[in-house]
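# A closer look at the structure
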Amino acid sequence: MSAVLLDGKTLAKQIKERVRREVENMERKPGLAVILVGENPATRVYVDGKTRDCRQCGIYSEEYALLESATQEEVLELIEVLNDRDDIDGIMVQMPLPPHMDAQAVLRAVRPDKDLDCVHPYNLGQLMLGQDAFQPCTPAGVMRLLDEYGVDPEGKTCVVVGRSSIVGKPLAMLMVQRNATVTISHTHTVDLHKKCAKADILVTAA
């Protein structure tokens, strides 16, 4: 059987066009706020990509770029203001945060219904229980890509390489909900190559 390329770029283009048409017919455009603390070149590329996607889809977006020296209290106050704004529907706090901040305390401050990355404990718990919740974008994208190409996870062996709370773990939960048998592998996994070789579905998120 020949290999099939799962073309994510083409699918993303189709989804963005559909979203653009939907947003075009809305009386009020959805609003996104992204909080960035410090200068991280990789994170900057990621944030710029979000801004570009919003512009293409007609979604209103705001970026808050704070200095590395910003205090945790300043970030929490900003999140509180954004939580209360009716024109902001989603909030993303870019990781990593500076070492002097408690990242979990900051992420917990985002209102669950505005937590687009599904990093709030409430949303993670909903995801674990298989309830309706925001799904982290990368895991949701993986599942959408499999659906696009008719790859049904049911009954298959899935190996996820990576155990982060925004990709590896939630992706494993989504796979389990689709009746796959899932192994989460990571830097301490013994004989990783053997486990990968046995996978019907292999996802690397490391």
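Criteria and thresholds
- Throughout, a residue's number is its position along its own chain's written sequence, starting from 1.
- At least 70 in pLDDT is required for a residue's local features to be given in this predicted model, at least 80 for side-chain atom pairs to be given and counted, and no such filter applies to totals for whole chains, interfaces and linings, which use all residues.
- Side-chain numbers here rest on the full set of heavy atoms in the structure, without hydrogens or water.
- Using a 1 Å grid laid over the protein atoms alone, points where a 1.4 Å probe fits but cannot get out form a cavity; open sets with protein on both sides within 12 Å along at least 5 of 7 lines form a pocket; any residue with an atom within 4 Å of a point counts as lining.
- Grid points are joined across faces, edges and corners, and a volume is the space filled by probe spheres set on the points.
- Secondary structure elements follow DSSP: runs of H or I of four or more residues count as helices, runs of E of two or more count as strands, with numbering from the N terminus.
- All residues other than Ala, Val, Leu, Ile, Met, Phe, Trp, Tyr, Cys, Pro, Asp, Glu, Lys and Arg, Gly among them, are scored as polar; the first ten of these are nonpolar and the last four charged.
- Two strands are counted as paired when DSSP detects at least two bridges linking them.
- In this analysis, axes come from line fits to C-alpha atoms, helices being fitted only over the stretch in contact, and the angle between any two N-to-C directions falls in the range 0 to 180 degrees.
- By definition, residues are in contact when any of their heavy atoms lie within 4.5 Å.

## Describing the layout of surface pockets
For the largest pocket, the calculated volume is near 1500 Å³. In terms of lining residues, the largest pocket is bounded by 37 residues, among which Ile15, Lys16, Asp53, Met92 and Cys137 are the most central. Mapped by element, the contributors of at least two residues to the lining of the largest pocket are helix 1 (8-24), strand 1 (31-37), helix 2 (41-57), strand 3 (90-93) and helix 6 (137-148). When its residues are assigned to classes, the lining of the largest pocket shows 20 nonpolar, seven polar and ten charged. Its volume calculated, the second largest pocket comes out at about 480 Å³. Within the residue set of the lining of the second largest pocket, elements represented by two or more residues are helix 2, strand 3, helix 4 (103-109), helix 5 (121-129) and helix 6. Here the element with the most residues in the lining of the second largest pocket is helix 2; it accounts for four residues. When grouped by side-chain class, the residues that make up the lining of the second largest pocket number 16 nonpolar, five polar and three charged.

## Topic: the sheet that holds strand 4 (residues 157-161)
Spatial strand order, 5-4-6: three strands in an open sheet with parallel pairing. Because the sheet does not close on itself, it has two edges, and the strands there are strand 5 (181-185) and strand 6 (201-204). The mean inter-strand angle of the sheet, taken between neighbouring strand axes irrespective of direction, is 15°. Taken together, the four bridges between strand 4 and strand 6 define a ladder with parallel strand orientation. By the bridge assignment for strand 6, valine 160 is matched with valine 203. Packed onto the sheet, helix 7 (residues 168-177) meets strand 4, strand 5 and strand 6 and runs at close to 170° relative to strand 5.

Scope: geometric values only; no functional claims are made or implied.
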